[in-house]
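Below are the chains, spelled out letter by letter.
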Amino acid sequence: MDGALGAALQLQQLPPTSSADSASEASFSYKENLIGALLAIFGHLVVSIALNLQKYCHIRLAGSKDPRAYFKTKTWWLGLFLMLLGELGVFASYAFAPLSLIVPLSAVSMIGRYVLSFVGCGLAIVGTYLLVTFAPNSHEKMTGENITRHLVSWPFLLYMLVEIVLFCLLLYFYKEKNANSVVVILLLVALLGSMTVVTVKAVAGMLMLSIQGTLQLHYPIFYVMLVCMVATAVYQAAFLSQASQMYDSSLIASVGYILSTTVAITAGAVFYLDFLGEDALHICMFALGCLIAFLGVFLITRNRKKSIPFEPYISMDAMPGMQNMHDKGMTVQPDLKASFSYGALENNDNISEIYAPATLPIMQEEHGSRSASGVPYRVLEHTKKE
């Protein structure tokens, strides 16, 4: 009887213990989410400050004869150090929080870069708050076995097949059909970027476990992920460089953020099963946070002042002391149909008369011969129509 009573008491005590364990696990997962979010926000803000410092150096030394004069300034090296520090913070954040939470937080870098757009910054902050609050709480240990199991799962294999086919089609149209649309180029960047963030999270998680004592560096999957991370990052930077040569940086920032975030969240949800077990309310609020952050980034980059390109023609209103020949100072361009003089406004000269051979008066020479007298030549005058 005592044994049966003790067993019954033990069974009755099991549920409270199980609920306490789940509560502690939930609080631990929220703590890890907070650490990862703070690291990502810190990293993106520091990277934004670093880019502004380096841009300031390039602008200040734009007229220097030495094209690498910025290497000799302390400000540029400070920007480089801050950039490495920020990227390290973003890299470390993947080891704590889910991929679906870290990727959208790159909107913070837009806030630090274009802080004068108050409405866009406000929406980006609200979206970031919703993302952090309703982010998924999946915290699987990034061991070699778990990563290998996810890599060979049929949902991810199907996703990879669709992504490879889409990437090849876009690359064909971009290279062979000259489809240079900003959406095409940045979608190529987004597809590569989704693989970059998936491999970054795997590499960062395995390194974190190795530092904590569970060595993961002997798994071949670690080096496979490392090679894929470097390769996709290099090709991603190459496509971004090509896009920056054809389109404005604000357009690239807004469209690239929206496409890259959407594709990366999808890849994380398929590979790491970030939203598995989440209720519908949390998923909807997380999606709402993404949409608000998208709108905020769009408004931030849309309100940015565009740079005025160099105009190689003369503007009449830009010349002091000159009468304005136009209503609003339009540019003066050569009129190739009427005259070869640069800046001519109107010329009614007859081209055929200008290039007709002119007849010059010729005086008869007297040689002292009596029979040399004759009728002088008739002088022709060259007339010009007014």
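Here the structure is a predicted model, which is why all the values come from computation and not from measurement.

Conventions adopted
- Residues numbered from 1 in each chain as written.
- Predicted model: local features only at pLDDT ≥ 70, side-chain atom pairs only at ≥ 80, totals over all residues.
- Heavy atoms only, no water.
- Helix = DSSP H or I, 4+ residues; strand = E, 2+ residues; numbered from the N terminus.
- Buried < 20%, exposed > 50% of the residue type's maximum accessible area, 1.4 Å probe, protein only.
- Contact = heavy atoms within 4.5 Å.
- Areas by Shrake-Rupley, 256 points an atom, 1.4 Å probe, with all protein chains shown as cover.
- UniProt positions renumbered as here; feature names shortened; annotations may be inferred.
- Axes fitted to C-alpha atoms, helices over the stretch in contact; angles between N-to-C directions.
- Parallel < 35°, antiparallel > 145°, perpendicular 65-115°, else oblique.
- Left-handed = near helix turned anticlockwise from the far one by under 90°.
- pLDDT = per-residue confidence, 0-100.
- Core = buried A, V, L, I, M, F, W, Y, C linked by side-chain atoms within 4.5 Å.
- Expected span 1.5 Å × (residues − 1).
- Phe/Tyr/Trp six-rings, centres within 6.5 Å; stacked < 30°, edge-to-face > 60°.
- Lys NZ or Arg CZ within 6 Å of the ring centre and 35° of its normal.

K.L.:
Please clarify how the overall build of the protein should be interpreted in this entry.
P.N.:
Secondary structure assignment for the protein yields 12 helices and 2 strands. For the protein, the sequential pattern of α-helices and β-strands runs α-α-α-α-α-α-α-α-α-α-α-β-β-α. By residue count, 35% of the 386 residues in the protein fall in the buried class. At a minimum sequence separation of 6, the contacts of the protein that also span at least 24 residues come to 73%. Accessible area of the protein: about 24,600 Å², with a carbon and sulfur share of 67%.

K.L.:
Explanation requested: the UniProt feature "transmembrane region" (unreviewed entry) in the protein in the structure shown.
P.N.:
Mapped onto this numbering, the UniProt entry annotates "transmembrane region" (unreviewed entry) at residues 35-54, 75-94, 114-135, 156-174, 180-209, 221-239, 251-273 and 280-300. Here residues 221-239 is 100% helix and 0% strand, with 27 Å between the C-alpha atoms at its ends. For residues 280-300, the end-to-end C-alpha separation is 30 Å, with 100% helix and 0% strand making up the annotated structure.

K.L.:
Quick question: what am I supposed to make of unusual backbone geometry here?
P.N.:
Peptide bonds are mostly trans, and most non-glycine residues show a negative phi. With phi around 55°, Asn178 is a residue other than glycine that occupies positive phi space. Relative to the helices and strands, Asn178 resides in the loop between α7 (154-175) and α8 (182-212). On the accessibility criterion, Asn178 (57% relative accessible area) is exposed. With a phi angle near 55°, Leu273 is a residue other than glycine that sits in the positive phi range.

K.L.:
Which parts of the structure should I look at to understand the environment of Val255?
P.N.:
By the secondary structure assignment, Val255 is in helix α10 (residues 249-271). According to the relative accessible area criterion, Val255 is buried, its value standing at 19%. C-alpha of Val255 to C-alpha of Leu186: the two residues are 69 residues apart in sequence and 7.4 Å apart in space.

K.L.:
Looking at this structure, I do not really get the environment of Ala269. What am I missing?
P.N.:
Structurally, Ala269 is set in helix α10. Counting along the chain gives 170 residues from Ala269 to Leu99, while the straight-line C-alpha distance between them is 8.3 Å. The contact partners of Ala269, leaving out residues within four places of it in the chain, are Ser100, Asp274 and Phe275.

K.L.:
How should the packing of α10 against helix α11 (residues 280-302) be read in this particular structure?
P.N.:
In helix packing, the relevant descriptors are the interaxial angle and the interaxial distance, both defined with respect to the helix axes. Between α10 and α11, the least distance of the axes is 8 Å, while the angle of their chain directions is 165°. Comparing the axis directions of α10 and α11 gives the class roughly antiparallel. As for the relative orientation of α10 and α11, their crossing is right-handed in sense. Residues Ser250, Ala253, Ser254, Tyr257, Ile258, Thr261, Thr262 and Ile265 of α10 form the contact with α11, whose participating residues are Phe286, Cys290, Ala293, Phe294, Val297, Phe298 and Thr301.

K.L.:
It is not clear to me how the confidence of the model for the protein should be interpreted in this structure. Could you clarify?
P.N.:
Close inspection of predicted coordinates is inappropriate for parts of the model with low pLDDT. Model confidence for the protein is summarised by a mean pLDDT of 75, while 68% of its residues fall at 70 or above. The low-confidence segment residues 365-374 (pLDDT under 50) makes 3 contacts with residues lying over four places distant or belonging to another chain.

K.L.:
Looking at this structure, I do not really get the nonpolar core. What am I missing?
P.N.:
Generally speaking, nonpolar side chains in soluble globular proteins are found buried as a group. Formed by 63 residues in total, the largest nonpolar core has its most connected members in Tyr94, Ile147 and Phe286. Of all elements in the fold, only α1 (2-60), α3 (99-102), α5 (118-133), α7, α8, α9 (220-246), α10 and α11 reach the threshold of two or more residues within this core. In contact with Phe286, not counting residues within four places along its chain, are Ser100, Pro104, Leu131, Phe134, Ala135, Pro136, Ile265 and Phe275.

K.L.:
Mind showing me how you'd approach α10 here?
P.N.:
Helical periodicity: at 3.6 residues per turn, an α-helix aligns residues three or four positions apart in one direction. When the terminal C-alpha atoms of α10 are compared, their 31 Å separation across 23 residues agrees well with the 33 Å that a helix rising 1.5 Å per residue should span. After α10 finishes, the residue Leu273 shows a positive phi value of roughly 55°.

K.L.:
What is the right way to read the packing of aromatic side chains from this model?
P.N.:
For any pair of aromatic rings, the description rests on two quantities: the centre-to-centre distance and the angle between the ring planes. Scanning the entire structure with this criterion turns up 11 aromatic pairs. Ring plane angle 35° and centroid distance 6.3 Å describe the contact between Phe71 and Trp77, whose orientation is recorded as tilted. Aromatic side chains Phe222 and Tyr223 sit 5.1 Å apart centroid to centroid with 85° between the ring planes, which places their arrangement in the edge-to-face category. Overall, the relative accessible area of 6% leaves Phe222 in the buried class. One aromatic cluster is present, formed by Phe156, Tyr159, Phe271 and Tyr272 through successive ring pairs. Over the ring of Tyr272 we find Lys201, and its NZ or CZ is 5.8 Å from the ring centre.

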